[in-house]
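Given next are the chains, with one letter for each unit.
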Amino acid sequence: MEAQRNLDAEIEALLNVEKQIRLAGDVAGTKKAVTDILQLCFEAKAWKTLNDQIILLSKRRGQLKQAVTAMVQQAMQYIDQTPDIETKIELIKTLNSVSAGKIFVEIERARLIKRLAKIKEEQGLIAEAADLMQEIAVETFGAMAKTEKIAFILEQVRLCLDRQDYVRAQILSRKISPRVFDADSSKEKKKPKEGDSIVEEAPADIPSLPELKRIYYELMIRYHSHNDDYLEICRSYKSIYEIASVREDPAQWIPVLRKICWHLVLSPHDPMQSSLLNSTLEDKNLSEIPNFRLLLKQLVTMEVIQWVGLWNMFKDEFENEKNMLGGSLGGKAAEDLRQRIIEHNILVVSKYYSRITLKRLAELLCLSVQEAEKHLSDMVVSKSLVAKIDRPMGVVCFQTAKDSNDILNSWSMNLEKLLDLVEKSCHQIHKETMVHKAALKV
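As the structure is a prediction and not an experimental result, all values here were calculated from the model. (Residues numbered from 1 in each chain as written. Predicted model: local features only at pLDDT ≥ 70, side-chain atom pairs only at ≥ 80, totals over all residues. Heavy atoms only, no water.)

Student: Tell me about unusual backbone geometry, residues and numbers included.
Tutor: Phi is positive for Gln164, close to 65 degrees, though the residue is something other than glycine. Within the secondary structure, Gln164 sits in the loop between helix 8 (146-162) and helix 9 (166-173). With a phi close to 55 degrees, Asp228 is a non-glycine residue in the positive phi region. Note that Asp228 resides in the loop between helix 10 (209-227) and helix 11 (230-241). (Helix = DSSP H or I, 4+ residues; strand = E, 2+ residues; numbered from the N terminus.)

Student: Got a sec to walk through helix 19 (residues 369-381)? Specific residues and values, please.
Tutor: Over its 13 residues, helix 19 runs 18 Å from end to end, which matches the ideal 18 Å to within 8%, given 1.5 Å per residue. For helix 19, every residue scored as buried is listed here: Ala372, Glu373, His375, Leu376 and Met379. Summarising the axial view, the buried residues of helix 19 lie within an arc of 165 degrees, below the 170-degree limit, and thus occupy one face. Opposite the buried face of helix 19, at more than 90 degrees from it, the exposed residues are Gln370, Lys374 and Val381. As for helix 19, its buried residues are in contact with helix 17 (333-352), helix 18 (358-365), strand 2 (388-390) and strand 3 (395-397). Phi for Lys383, located one or two positions after helix 19, is positive at around 65 degrees. (Expected span 1.5 Å × (residues − 1). Buried < 20%, exposed > 50% of the residue type's maximum accessible area, 1.4 Å probe, protein only. Arc of directions from axis to C-beta. Contact = heavy atoms within 4.5 Å.)

Student: Account for the confidence of the model for the chain, naming residues and giving values.
Tutor: Detailed conclusions should not be drawn from predicted coordinates in areas where pLDDT is low. On average, residues of the chain score 81 in pLDDT, and 92% of them reach the 70 mark or higher. Of all helices and strands in the chain, the one with the weakest mean pLDDT is helix 1 (residues 2-24) (74), whereas helix 20 (residues 404-441) scores best (88). (pLDDT = per-residue confidence, 0-100.)

Student: Before we move on, can you summarise the packing of helix 4 (residues 65-76) against helix 6 (residues 106-122) with the specific residues and values?
Tutor: It is at 11 Å that the axes of helix 4 and helix 6 come closest, and there the two elements cross at 25 degrees. It follows that helix 4 is roughly parallel to helix 6 by the angle criterion. As for how helix 4 packs across helix 6, the hand of that crossing is left-handed. Along the contact surface, helix 4 presents Val72, Gln73 and Met76, while helix 6 presents Glu108, Arg111, Leu112 and Arg115. (Axes fitted to C-alpha atoms, helices over the stretch in contact; angles between N-to-C directions. Parallel < 35°, antiparallel > 145°, perpendicular 65-115°, else oblique. Left-handed = near helix turned anticlockwise from the far one by under 90°.)

Student: Could you give an account of the nonpolar core, with specific residues and numbers?
Tutor: Among the nonpolar cores identified, the biggest contains 102 residues, and Ile54 and Leu95 are the most heavily contacted of them. Not counting chain neighbours up to four residues away, the residues in contact with Ile54 comprise Leu38, Met71, Ala75, Leu91, Thr94, Leu95 and Val98. By size, the runner-up hydrophobic cluster in this structure holds 18 residues, among which are Ile342, Met379, Leu385 and Val396. (Core = buried A, V, L, I, M, F, W, Y, C linked by side-chain atoms within 4.5 Å.)

Student: Describe the packing of helix 4 against helix 5 (residues 85-99), naming the residues involved and giving the relevant values.
Tutor: Packing of helix 4 against helix 5 leaves a shortest axis separation of 11 Å and a crossing angle of 165 degrees. On the basis of their axis angle, the class for helix 4 and helix 5 is roughly antiparallel. As for the relative orientation of helix 4 and helix 5, their crossing is left-handed in sense. Residue-level inspection shows Val68, Met71, Val72, Ala75 and Met76 of helix 4 in contact with helix 5, the latter providing Leu91, Leu95 and Val98.

Student: Go over helix 6 with me, naming the residues and quoting the values.
Tutor: Spanning 17 residues, helix 6 covers 25 Å between terminal C-alpha atoms, matching the ideal 24 Å at 1.5 Å per step. Those residues of helix 6 not exposed but buried are Glu106, Ile107, Glu108, Arg109, Ala110, Leu112, Ile113, Leu116, Ala117, Ile119 and Lys120. Buried-residue contacts for helix 6 involve helix 4, helix 5, helix 7 (126-134) and helix 8.

Student: Which residues make up the pattern of salt bridges, and what are the values?
Tutor: Going through the model one piece at a time under the given rule, you end up with 17 salt bridges. The partner of Asp165 in a salt bridge is Arg168, and the shortest N-O contact between them spans 2.7 Å. One salt bridge in this structure joins Arg391 and Glu373, with 2.9 Å as the shortest N-O distance. Of this pair, Arg391 sits in the loop between strand 2 and strand 3 while Glu373 sits in helix 19, placing them 18 residues apart in sequence. (Salt bridge = Lys/Arg side-chain N within 4 Å of Asp/Glu carboxyl O.)

Student: I'd love a proper account of the sheet that holds strand 2, names of residues and values included.
Tutor: Taken in spatial order, the three strands make up an open sheet running 1-3-2, and their pairing is antiparallel. Of all the strands in the sheet, just strand 1 (355-357) and strand 2 have a single pairing partner and so form its edges. Within this sheet the neighbouring strands show an average axis-to-axis angle of 25 degrees, counted without direction. Bridging between strand 2 and strand 3 involves three bridges; their strand directions are antiparallel. In the strand pairing of strand 3, Lys388 is matched with Cys397. (Pairing = 2+ DSSP bridges.)

Student: Requested: an account of the environment of Leu64, with residues and values cited.
Tutor: Looking at the secondary structure, you find Leu64 in the loop between helix 3 (47-58) and helix 4. Other than its neighbours up to four places away in sequence, Leu64 contacts Asp26, Val27 and Thr30.

Student: Pulling in residues and values, what's your account of the environment of Val348?
Tutor: Residue position: Val348 is located in helix 17. The spatial distance from the C-alpha of Val348 to the C-alpha of Thr301 is 9.0 Å, given a sequence separation of 47 residues. Excluding residues that lie within four positions of it along the chain, Val348 makes contacts with Met302, Glu303 and Val304.

Student: Now, about the packing of aromatic side chains: what can you tell me, with residues and values included?
Tutor: Counted under the stated rule, the structure contains four aromatic pairs. A centroid spacing of 4.9 Å and a plane angle of 75 degrees characterise the contact between Tyr216 and Tyr217, whose relative ring orientation is edge-to-face. Residue classification places Tyr216 among the buried residues on the basis of a relative accessible area of 7%. Relative accessible area serves as the criterion here: at 11%, Tyr217 is assigned to the buried category. Plain terms: the ring middles of Trp262 and Phe292 are 5.6 Å apart, the flat faces sit at 90 degrees to each other, and that makes the pair edge-to-face. In this pair, Trp262 sits in helix 13 (residues 250-266) while Phe292 sits in helix 15 (residues 290-300), placing the two residues 30 residues apart along the sequence. You'll find Trp262 and Phe292 in the same group, each marked buried. (Phe/Tyr/Trp six-rings, centres within 6.5 Å; stacked < 30°, edge-to-face > 60°.)

Given below as structure tokens:
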């Protein structure tokens, strides 16, 4: 009780000193008086008094911005030294209410919210933690370090994915441009010009840019896995594969390259998939996993693939993926793989046949006539293929319907080729005649 009275007396004396200095406009003196009051409360372990003094000092008439900043920064150092979680939360909430709406302590407020969200998450309140994090729009903070901004937004995305709010996760992820990870950090930082806001250094616990790149793409894989968007998952793994630290360690890049190959095979056929497929086949590291090289080679080769033989060959590799980095390929992956092989086979058939009976097509695909017709119809609807089915006759026509201009153009080209051949033939005949005449003269 005596100690409490002494503390109150000391605080009262310092408050009077602080008032005089503040009214005199002495910035350094006011900052020192404010921090001394907080230090007294901390040393006495009077946490309730500390909270009260923080609110009181922030609301004093004509309080200086620098003093409020110094006070918030000083009090943030005490957060980890609080005796229990309730005291810690109370202190964070007090500092949060003091810094709310003050642009000069926006970075401190963002860090406080992040710490409070972490506590909420540890308590299992993920929805509350996500809502807290979404209150802060760090992309507008000019003084915050780039890496800290990215780390904060990634934390927002992660919490949204944890609460299965995929729409908001996508919106937040678009605040980060993937090009930011390719910026050369080795370049010297430009000295700020006069009038520019000074960018603070990122705290020590913020990961480096390559590490943030990996976290970003791992979160994107989680997001795209929800929609089974295999091509986007493949592109994300491709970006992780290109990180220098991953390329240098075979223990890291082999599982990533395996995932790239599987997701390429699972992706529907389109120009982007085809381009990625060919660029992956040219990768020298693929020779370290020959089975996957063979798998990609089969897809590039325009030959019909027997599903049963392929599945027997790669079933063990497919099952092993759940023990690898990134986990299993998803519940629908085996079914989707069969679907992709059927689609590949239909495309191969369309290259070699202009017309084919449904029965023969079903034989080539190792399917029933009904299944073959269904898969073919799905590909036509998705515009992967141009085909027409004459159901009474049971014939599939893969030729595209030509309009009058196309027909005239093809005739024109055929006539041109014919005239070229006639001209070449005439030239050869004339040449032979001249050679023969010359031989007779001799």
